[in-house]
Amino acid sequence: MRTVRLRLLPNGSQERRLRRIADAAARLWNELNYVRLVQFRVSGKIDFKGTEHEFYHRYKSVLGVNAGQVIRLNNSAWKSYFETLRLYKQGKLPRFYGKPSPPGFWKDKLLGKRALRILVRNDRYYIEPINGGEGYLVLKDWNLRVRYAGKIKWAGKQGTLIIKYEDNRWFAYVPIEVGSKPVKTNPKGYVKGIYEKVQIENLKGSNKAFIDIGLNNLFAVVFSHTDTAILIKGSTIKAEYYWWKREIGTYQSIRDWLKNHGFESWRKYHMFYLHAEYKQHERLRHYYRTAIRFLARIMHEMGVDEVFIGYPYLVNQDNGNEFNTNVWWFNKIVNWLKDVLQEYGIRLNVVNEYGTSKQCSICSMKHESGRVKRGLYVCESTEIKINADLNAARNIAKRIGYNTPIPRKILSYIVTTNGVKPLTPMEGVTVETPQD
């Protein structure tokens, strides 16, 4: 499964209709969720069939059969809550989990406005591409034909469409089962993209790569066949995070001061606050996905067919801080990397990286003071120096039975807004000493 995000470009009348439909979907969710919350608090149980029948027929005239998609999602949320609550009472949840909470409401708590989103059943819409970057999204139940902008990469059977209003813009999220063919009952329920299968490139070799993920060095990579190593720096990601954190904090403090002193202008600054939060998330997402795409392409060119990546299990629970909780999206990084590597036919394996930073990859001993400042690791037995993150990557390789060459050539890169740029000087180019 892959999901394509398209930017919707509705005209004035379409914009107003989308708002009315999305508002109705949010009212359905909130009213249904409230009734079920009351039932749960009174009796500890929920009448799924009764409430589903009541609210489906109440909103069918506005949402059509798509009301069932909202109800089904709410069913899933409550069933997930009950299962998590059962595990909590049995003491089977990890210790860092608190008591689970029931499903929330689709609304902004400060403004009291409903969150605008629409769920559309997979046979109640279809996409009409015009060219590679634009076309029309047709919503059958409301007779809407909304223009979209965005590249559709994948082809396959479409799933439940989700339309969201985010940062004053409409987006359509289209799930696609890549490679599957349309069913006879819904011949238009097939998205025509560029690729009909996930693997779009052929392997160039059978080499192995080993990755240590971090924040200062987002990726530290060593290989089984060469003494060349790769470092992709993550300093720009931290800078981006803290820039937007400052913006968020500024708008939040102004908003709260105005609200506490009775000024209605606090609403304007709340919108600025929401915009900054959205931009922070989108910018970090852009940096991470840019780095992942670059790394996957370069490993494919180096003939890699299998990758082993160290996963920091429970790092933000056992030693949580702002870096590994808010800035460093290690779980998403691993999942995104897996998806992109599939396009090149490269397998991804996850290895527990616990202890790989302290162990010396040269003498296999643990040196408590081996890691010194600026990310340098010094072997106390041989006095050989190695980048600390590359040392961890070599230990990941050793953990699964591979011996990698000690890196002699390190290619360093940094993630920027416009792509990944090299930090390593080109061969034949020297850095001149600045003149006073």
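Just so you know, these numbers come straight off a predicted model, no measurement behind them. (Residues numbered from 1 in each chain as written. Predicted model: local features only at pLDDT ≥ 70, side-chain atom pairs only at ≥ 80, totals over all residues. Heavy atoms only, no water.)

**Thoughts on the packing of aromatic side chains**
Thinking step 1. Enumeration according to the criterion identifies 21 aromatic pairs in this entry.
Thinking step 2. Between Phe210 and Phe308, the ring centres sit 5.5 Å apart and the planes meet at 15°, which makes this aromatic pair stacked. A residue pair is termed long-range when its members are at least 10 positions apart, and Phe210 in strand S10 (residues 207-213) and Phe308 in strand S13 (residues 304-311) qualify at 98 residues. For the pair Phe210 and Phe308, a shared accessibility class is recorded, and that class is buried.
Thinking step 3. Through a chain of ring-to-ring contacts, three or more aromatic side chains come together here, namely Phe40, Trp78, Tyr81 and Phe82.
Thinking step 4. The ring of Trp154 carries the charged tip of Arg2 above its face, separated from the ring centre by 5.9 Å. (Phe/Tyr/Trp six-rings, centres within 6.5 Å; stacked < 30°, edge-to-face > 60°. Helix = DSSP H or I, 4+ residues; strand = E, 2+ residues; numbered from the N terminus. Buried < 20%, exposed > 50% of the residue type's maximum accessible area, 1.4 Å probe, protein only. Lys NZ or Arg CZ within 6 Å of the ring centre and 35° of its normal.)

**Considering the pattern of salt bridges**
Thinking step 1. Enumeration according to the criterion identifies 23 salt bridges in this entry.
Thinking step 2. One salt bridge connects Arg19 with Glu15, and the closest N-O pair in it is separated by 3.0 Å. With Arg19 and Glu15 both in helix H1 (residues 12-43) and four residues apart, this pair spans about one turn of that helix.
Thinking step 3. Residue Glu301 pairs with Lys204 through a salt bridge whose shortest N-O separation is 3.0 Å. Of this pair, Glu301 sits in helix H5 (residues 266-301) while Lys204 is found in the loop between strand S9 (190-191) and S10, placing the two residues 97 residues apart along the sequence.
Thinking step 4. Counted as one network, the salt bridges with shared partners bring together Lys208, Asp305, Glu306 and Arg347. (Salt bridge = Lys/Arg side-chain N within 4 Å of Asp/Glu carboxyl O.)

**So, the sheet that holds strand S16 (residues 376-378)**
Thinking step 1. Spatially, three strands are ordered S15-S16-S17 in an open sheet, and the strand pairing comes out antiparallel. Strands with a single pairing partner mark the edges of an open sheet, and in this sheet they are strand S15 (371-372) and strand S17 (385-387).
Thinking step 2. Note that S16 and S17 share three bridges and pair antiparallel. Across the sheet, the residue bridging to Val378 is Lys385, located in S17. (Pairing = 2+ DSSP bridges.)

**Observations concerning the sheet that holds strand S11 (residues 217-223)**
Hydrogen bonds between backbone atoms are what pair the strands of a sheet, whose relative direction is either parallel or antiparallel.
Thinking step 1. If you walk across this open sheet you meet the seven strands as S14-S13-S10-S11-S12-S18-S19, and the pairing is mixed. Sheet topology places strand S14 (347-352) and strand S19 (419-422) at the edges, where each strand pairs with a single neighbour. Taking each pair of neighbouring strands and ignoring which way they run, the sheet shows an average axis angle of 25°.
Thinking step 2. Here strand S18 (residues 409-416) runs beside S19; their pairing, made up of four bridges, is antiparallel. Bridging across to S19, Ile414 finds its partner in Lys421.
Thinking step 3. Relative to the sheet, helix H9 (residues 388-399) contacts S10, S11, strand S12 (228-233), S13, S14 and S18, its axis offset from that of S11 by approximately 50°. (Axes fitted to C-alpha atoms, helices over the stretch in contact; angles between N-to-C directions. Contact = heavy atoms within 4.5 Å.)

Geometry only, nothing functional implied.
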